[in-house]
Amino acid sequence: MNNNTQKEKGLCLNCGKPVTGRSDKLFCCGKCKNEWHNRISGSERRSRERVFSMLWKNYKILEMVLEGGERTPEMATLSNAGFRPEYITGFRRIRHGRDEYRCFDICYNKTETRLYNIRRAPEIL
Ligand SMILES: [Zn+2]
């Protein structure tokens, strides 16, 4: 049962028991209200942490590439190291094939098989 259905029937969003009292109440008691909010904020936090750790891993790999001096690392090698190209913090359409991707302060361009022009870039203002 989804949250809207439960709300329409006047059932607690947390435990599903009937809610008594004011018709706009969503929970049967304070304990259920707290449990529900803790669960929601917990899953949001885990989701945020998962995305951030992907971005951070990409960033560390890009830093290693910059320090190692490899100018056009292969996507396959990067993927093996854990690089996930779908996680970026910025994207700028330049023109076809020259689009710029960003992971925090590191910018790069890419083809299907390689990254190139990896560089530190000034912070976005
Ligand atoms: Zn309840």
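Above this text you will find the structure in question.
First, a word on what this report is: a plain description of the structure on this page. (Residues numbered from 1 in each chain as written. Predicted model: local features only at pLDDT ≥ 70, side-chain atom pairs only at ≥ 80, totals over all residues.)

**Brief notes about the overall build of the chain**
Piece 1. Counting its regular elements, the chain contains three helices and four strands.
Piece 2. Of the regular secondary structure in the chain, the N- to C-terminal order runs α-α-α-β-β-β-β.
Piece 3. Looking at the chain residue by residue over its 125 residues, the buried ones come to 12%.
Piece 4. Counting contacts in the chain only where the partners sit at least 6 residues apart, residues at least 24 apart contribute 33% of the total. (Helix = DSSP H or I, 4+ residues; strand = E, 2+ residues; numbered from the N terminus. Buried ≥ 20, exposed ≤ 12 C-beta atoms within 10 Å, placed from the backbone. Contact = placed C-beta atoms within 7 Å.)

**Observations regarding the pairing of strand β4 (residues 115-120)**
Piece 1. As judged from the four bridges shared by strand β3 (residues 106-110) and β4, these two strands associate in the antiparallel manner. Counted as the bridge partner of K110 is L115 from β4.
Piece 2. Between β3 and β4, which pair antiparallel and follow one another directly, the connecting turn spans four residues. (Pairing = 2+ DSSP bridges.)

**Notes on the nonpolar core**
Piece 1. Counting nine residues, the largest nonpolar core is built from I61, L62, V65, L78, F83, C103, Y108, L115 and I118.
Piece 2. Of all the secondary structure elements, the ones that give two or more residues to this core are α2 (30-68) and β4.
Piece 3. If you tally residues by element for this core, the top one is α2, at three residues.
Piece 4. Sequence-distant contacts of I118, that is, excluding residues within four places in its chain, are made with L62, V65, L66, I106 and Y108. (Core = buried A, V, L, I, M, F, W, Y, C linked by C-beta atoms within 7 Å.)

**Brief notes about the pairing of strand β2 (residues 100-103)**
Piece 1. Summarising the sheet, strand β1 (residues 90-92) and β2 pair through three bridges and their orientation is antiparallel. Within β2, the position partnered with G90 by the bridge is R102.
Piece 2. In the sheet, β2 pairs with β3 via four bridges, with the strands oriented antiparallel. Within β3, the position partnered with E100 by the bridge is N109.
Piece 3. Between the antiparallel neighbours β2 and β3 lie two residues, among them F104 with a positive phi of about 55 degrees.

**Thoughts on α2**
Piece 1. Over its 39 residues, α2 runs 56 Å from end to end, which matches the ideal 57 Å to within 8%, given 1.5 Å per residue.
Piece 2. Of all the positions in α2, only N58, I61, L62 and V65 are classed as buried.
Piece 3. Residues of α2 that are buried make contact with α3 (75-80), β2, β3 and β4.
Piece 4. G69 lies just past α2 and shows a positive phi near 80 degrees. (Expected span 1.5 Å × (residues − 1).)

**Considering unusual backbone geometry**
Generally, phi is negative for residues other than glycine and the peptide bonds are trans, each holding for most cases.
Piece 1. In this model, F104 sits at a positive phi of 55 degrees, which is unusual for a non-glycine residue.
Piece 2. Take F104: it is sitting in the loop between β2 and β3.
Piece 3. Residue class for F104 comes out partly exposed when judged on the 18 C-beta atoms lying within 10 Å of it.
Piece 4. Within the chain, N117 stands out as a residue other than glycine whose phi angle is a positive 55 degrees.
Piece 5. Residue placement: N117 occurs in strand β4.
Piece 6. Judged by C-beta crowding, with 12 C-beta atoms within 10 Å, N117 ranks as exposed.

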